[in-house]
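Architecture at a glance
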Amino acid sequence: MIDLAEDFAREVSPFRRFAKQEWADLRADTPMTLTSADLEEVRSLNDRIDLAEVEAVYLPMSRLLNLYVQASQKLFHASNQFLHITDLKVPYVIGIAGSVASGKSTTARILRRLLSRWPSHPKVDLVTTDGFLLPNAVLEREGLMQRKGFPESYDLPRILRFMSDIKSGERDVEAPLYSHLTYDVLKDETQVVDQPDILIVEGINVLQTGRPPRDGRGIPNTSDFFDFSIFIDADEHDLRTWYIERFFSLRNGAFKDPKSYFHRYASLSDKEAEATATRIWNSINLVNLKENILPTRPRADLVLRKGSDHRVRSVFLRRL
């Protein structure tokens, strides 16, 4: 089997690869501020992460990000002093991308807790791009329900307005919310983001770029507003396995709720459930991965490479 991590290291020379233990040593004296109870609250369905992995992978990452945030804050204050202005506080924005079932949500929530416990940036908010999906009614009208999660299924102008307001230091910026139960954007419900020290933006396509403009008048990309970006990487076979395992867990849990959009899957046999999950993976998620998500991996500042046990095996950090 081809080692995709080695392929990535050869293809993308600006990255330095760290073995897990080598990366763990960079923790230095960073205190462990996450508890077992915290981990239970933030861990996603079927995610196998434990406190040992938090110490080895996420504590060094939080230390690195803390250094970056502090440097950014100092530069911001120095610029204001030079220009003799008093600007509104501008959040440091971290983007987290990766395939469906890769563990993006768990990573985002762990980082949020760790970063919020550093003295210099206690206010950390998290926004997922699911809320910026077009409503199901629009997707159905446009024939895009089978392309849900693809770049064209998002309300890009709304995402860009949100990110622009955030980076302009605006107060009480609203982000739409999404229900995984009803599989749709929630009407008239929003999350208010009010000048956090750090904003984490998590979504499968947040590192996506548009086609170069022919007339020279291009529009920005979501990632243009990021100060740092992370990509959660894994072998295609493992991602499919994790997706199917999660489908089984949902069939035995959330799908049983009559309000669930996928309630029809609750009564599937094991054989039917595996066939259905495999079909969805192959026809939608795998296509999105190959066409849109994986090509954005080289744009990240840091790549977490996971093994078949869902644990991080190595870390790739872009050289400055």
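Since the structure is predicted, the reported quantities are computational estimates derived from the model, not experimental observations. (Residues numbered from 1 in each chain as written. Predicted model: local features only at pLDDT ≥ 70, side-chain atom pairs only at ≥ 80, totals over all residues. Heavy atoms only, no water.)

Some words on helix H9 (residues 270–293)
Given a rise of 1.5 Å per residue, 24 residues ought to cover 34 Å, yet the end C-alpha atoms of H9 are separated by just 29 Å, more than 12% below that figure. The largest bend along H9 measures about 40 degrees and falls at Trp 281. For H9, the set of buried residues is Ala 273, Thr 276, Ala 277, Ile 280, Trp 281, Ile 284, Asn 285, Leu 286, Asn 288, Leu 289, Asn 292 and Ile 293. Of the surrounding secondary structure, the elements contacted by the buried residues of H9 are strand S2 (92–98), strand S7 (228–233) and helix H8 (236–251). (Helix = DSSP H or I, 4+ residues; strand = E, 2+ residues; numbered from the N terminus. Expected span 1.5 Å × (residues − 1). Bend = angle between axes of the 7 residues up to and from the residue. Buried < 20%, exposed > 50% of the residue type's maximum accessible area, 1.4 Å probe, protein only. Contact = heavy atoms within 4.5 Å.)

Re the pattern of salt bridges
Scanning all chains against the criterion turns up 19 salt bridges. Note that Arg 297 and Asp 233 form a salt bridge whose closest N and O atoms lie 2.8 Å from each other. Residue Arg 297 is located in the loop between H9 and strand S8 (302–306), and its partner Asp 233 is located in strand S7; the two are separated by 64 residues in the primary sequence. For Asp 233, a relative accessible area of 3% gives the class buried. Bridged by salt links that share partners, the residues Asp 38, Glu 41, Arg 113 and Arg 117 form one connected network. (Salt bridge = Lys/Arg side-chain N within 4 Å of Asp/Glu carboxyl O.)

Comments concerning the packing of H8 against H9
It is at 9 Å that the axes of H8 and H9 come closest, and there the two elements cross at 135 degrees. Overall, the two elements H8 and H9 adopt an arrangement that is oblique. Considering the relative orientation of H8 and H9, their crossing is right-handed. Of the residues contributing to the contact of H8 with H9, the split by class is 11 nonpolar, 4 polar and 6 charged. (Axes fitted to C-alpha atoms, helices over the stretch in contact; angles between N-to-C directions. Parallel < 35°, antiparallel > 145°, perpendicular 65-115°, else oblique. Left-handed = near helix turned anticlockwise from the far one by under 90°. Nonpolar A, V, L, I, M, F, W, Y, C, P; charged D, E, K, R; others polar.)

Function cannot be inferred from these measures alone, as they are strictly geometric.
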